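Working through the structure, step by step
Listed below, chain by chain, are the residues.
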Amino acid sequence: MPIRFEDFVVGQVDRFGAYAVSREEVLAFAAAYDPQPFHLDDAAAAANPIFGRLAASGWHTAAMTMRMMVDRWQALGGTSLGSPGVDEMRFLKPVFPGDILSVEAEVLAMRPLASRPDRGVVTSRTRTINQDGDAVLSFTASAFWPRG
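Reference entry: report on the structure contained in this document. (Residues numbered from 1 in each chain as written. Predicted model: local features only at pLDDT ≥ 70, side-chain atom pairs only at ≥ 80, totals over all residues. Heavy atoms only, no water.)

With that settled, the discussion passes to the layout of surface pockets. If you add up the space inside the largest pocket, you get close to 470 Å³. With 6 residues, the single largest contributor to the lining of the largest pocket is helix α4 (residues 58-75). Taken together, the residues of the lining of the largest pocket sort by class into 17 nonpolar, 8 polar and 4 charged. Reported here for the second largest pocket is a volume of approximately 200 Å³. Every residue lining the second largest pocket is counted, 16 residues in all, and those nearest its centre are Phe51, Ala56, Gly58, Phe91 and Lys93. Secondary-structure elements contributing two or more residues to the lining of the second largest pocket are α2 (37-40) and α4. At 3 residues, the largest contribution of residues to the lining of the second largest pocket is made by α4. Its residues assigned to classes, the lining of the second largest pocket comprises 9 nonpolar, 5 polar and 2 charged. (1 Å grid on protein atoms, 1.4 Å probe; cavity = no way out; pocket = protein on both sides within 12 Å on 5 of 7 lines; lining within 4 Å. Points joined across faces, edges and corners; volume = space filled by probe spheres on them. Helix = DSSP H or I, 4+ residues; strand = E, 2+ residues; numbered from the N terminus. Nonpolar A, V, L, I, M, F, W, Y, C, P; charged D, E, K, R; others polar.)

Quick look at the packing of helix α1 (residues 23-33) against α4 now. As a packed pair, α1 and α4 sit with axes 10 Å apart at the nearest point and diverge in direction by 115°. Seen along the crossing, α1 lies across α4 with a hand that is right-handed. Where α1 approaches α4, its residues Glu25, Val26 and Phe29 are matched on the opposing element by Trp59, His60, Ala63 and Met64. For the contact of α1 with α4, a count of residues per class yields 5 nonpolar, 1 polar and 1 charged. (Axes fitted to C-alpha atoms, helices over the stretch in contact; angles between N-to-C directions. Left-handed = near helix turned anticlockwise from the far one by under 90°. Contact = heavy atoms within 4.5 Å.)

For the rest of this paragraph, the subject is the packing of aromatic side chains. In this structure the tally under the stated criterion is 5 aromatic pairs. Here the aromatic rings of Phe8 and Trp145 are separated by 5.0 Å at their centres, their planes lie at 50°, and the arrangement is tilted. Taken together, the positions of Phe8 in the segment before β1 (13-20) and Trp145 in strand β5 (residues 135-146) put the pair 137 residues apart, joining distant regions of the chain. Here Phe8 and Trp145 have matching classes, each one buried. Seen in terms of ring centroids, Trp73 and Trp145 are 5.1 Å apart; in terms of plane orientation they differ by 90°. Their pairing is edge-to-face. Of this pair, Trp73 sits in helix α4 while Trp145 sits in strand β5, placing them 72 residues apart in sequence. Pair check on accessibility: Trp73 and Trp145 agree, each one buried. Among the aromatic side chains, those forming a connected cluster through ring pairs are Phe8, Trp73 and Trp145. (Phe/Tyr/Trp six-rings, centres within 6.5 Å; stacked < 30°, edge-to-face > 60°. Buried < 20%, exposed > 50% of the residue type's maximum accessible area, 1.4 Å probe, protein only.)

Following this line, the structure appears as structure tokens:
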């Protein structure tokens, strides 16, 4: 049975994912979408006082997180109907090739839509965690889910 609005509970925490960050993917994403030197070049990254070595774009980290979320939802039998947006996104720590990322999502609020009784909105706080247990990304977002 597909995942539904009613399957969520305020306060519920779901932990999932094991995304291995590869050097090749960091370079490819940066070349296509965020071509700053510290995402593309070892020497420039080493000279950067924040990173010190080649680092993934924060936007790449967000994209890897989204991939883990969709994989999780599909494993549970569905996907969201879309999202009205993301709030409070923070890039907390650099992500490096070789890191293993996972996700922790906590349901903060839920509400059925009066204007669309076939769906509801679930708001969650999501954190992406590296292999050392450090949060590297956080955001709050809402998603539409089917009801019934």
